[in-house]
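Tertiary structure, described
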Amino acid sequence: MSRVFSGIQPTGNLHLGNYLGAIRNWVTMQDAHECIYCVVDLHAITVAQDPATLRQGIREMTAALLASGIDPERSILFPQSRVRVHAELAWVLMCTARVGWLNRMTQFKEKSGKDREGASVGLYTYPVLQAADILAYKATHVPVGDDQKQHLELARDIAAKFNTDMGVELFPLPEPVIQGPATRVMSLRDGSAKMSKSDPVDAARINMTDDADTIAQKIKRAKTDADALPSEVAGLAGRPEAANLVGMMAALTDRSADAVLQDFGGQGFGRFKPALADAMVTVLAPISARFNALRGDHAAIDAVLERGAERARAIAEPVLAEVHRAVGFTG
Ligand code: TRP
């Protein structure tokens, strides 16, 4: 039995990086697995949030996931805060996890920066809530980006220690499904920086809402070097901007970077960029059309989320009941 669980933060301003890096993979996994996808609003408030922006972010992310092809009939799509089990199980698992384990989490160090004393306690225990997300569904496979590897290791450690401490075989150890580095989409202005929703330069990213002309313009003006494209991937070494554009083309057209270079090796960016823009428009135009049609329909979005939460509760509540028995609260 396999069950996929993954979570995504309810950020607005979705871009190509979100799509190629995570969402597209979630869509494909639906074909072969039972999938549970969660908009992690409880995680979002570990750093300051404006309520109106958060409310909008949850709906926008949901609309983007639906527009990208997450099928709410086949998969469960819901907001974390609507299923109380996440917070309740997180409490129990906070009593399983060790302070020493959390002290090793590199993402907390990065996110809290210089002002560690001023970070929220929630930011510190963030990875325990993430473990609860996964374990509440006894998920076996967790698609995540490379940066989440350590949190997944922690979830496995927590699951194993809970099972041992309570003398039960309650939680399966979840396996990370790491999304390849080929799908790390970088800025169009700096091939060494990740494409980001918070980049002040809009031309550095392709937004989910950009129309065909805007996409073509942004690709045309994307930073490159003066050389022609190499005919093998090895020739992209030291050319981050060229590597980024070739990587995008590969991901958008579902082939390897080598296959892309077999077609475009020896050619300049004047030939390559229009082809890349075309491929991008082909993939993104139907998604952004669906997204724009859906994003204003709050009633439809909220109905999907409510139904998803109901189905999620039906799985997670019995697991929490098992946990309560294992711990000695009941039974
Ligand atoms: N921390 C994850 C991220 O930033 C999001 C997340 C929350 C998640 N809970 C999860 C991912 C559970 C996988 C499983 O990408």
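For the structure, see preceding data.
Residues numbered from 1 in each chain as written. Predicted model: local features only at pLDDT ≥ 70, side-chain atom pairs only at ≥ 80, totals over all residues. Heavy atoms only, no water.

Inspection of the entire model under this criterion finds 19 salt bridges. Among the ionic pairs, Asp165 bridges to Lys161, the shortest N-O distance being 3.0 Å. Of the two residues, Asp165 and Lys161 are both situated in helix α8 (residues 149-166); the distance of four residues between them amounts to about one turn of the helix. One salt bridge in this structure joins Asp202 and Arg205, with 3.5 Å as the shortest N-O distance. (Salt bridge = Lys/Arg side-chain N within 4 Å of Asp/Glu carboxyl O. Helix = DSSP H or I, 4+ residues; strand = E, 2+ residues; numbered from the N terminus.)

Another point: the site of the ligand. Near the ligand you find Phe5, Ser6, Gly7, Val40, His43, Tyr126, Gln130, Asp133, Ile134, Val142, Val144 and Gln148, and these make up its full shell. Tyr126 places a polar side-chain atom, nitrogen or oxygen, 2.7 Å from a nitrogen atom of the ligand. Elements supplying a minimum of two residues to the shell around the ligand: β1 (3-8), α7 (121-135) and β4 (141-144). Counting residues per element, the shell around the ligand draws most heavily on α7, at four residues. Each residue belonging to the shell around the ligand can be placed in one class, and the counts come to six nonpolar, five polar and one charged. (Near = heavy atom within 4 Å. Polar contact = N/O pair within 3.5 Å; in protein donor to acceptor, adjacent residues only side chain to side chain. Nonpolar A, V, L, I, M, F, W, Y, C, P; charged D, E, K, R; others polar.)

Buried residues dominate β1, accounting for five of its six residues. Relative to strand β2 (residues 34-39), β1 is paired through six bridges, and the arrangement is parallel. Of the residues in β2, the one forming a bridge with Ser6 is Tyr37. Handedness of the crossover joining β1 and β2 through helix α1 (residues 16-29) is recorded here as right-handed. (Buried < 20%, exposed > 50% of the residue type's maximum accessible area, 1.4 Å probe, protein only. Pairing = 2+ DSSP bridges. Right-handed = clockwise from strand over helix to strand, strands pointing away.)

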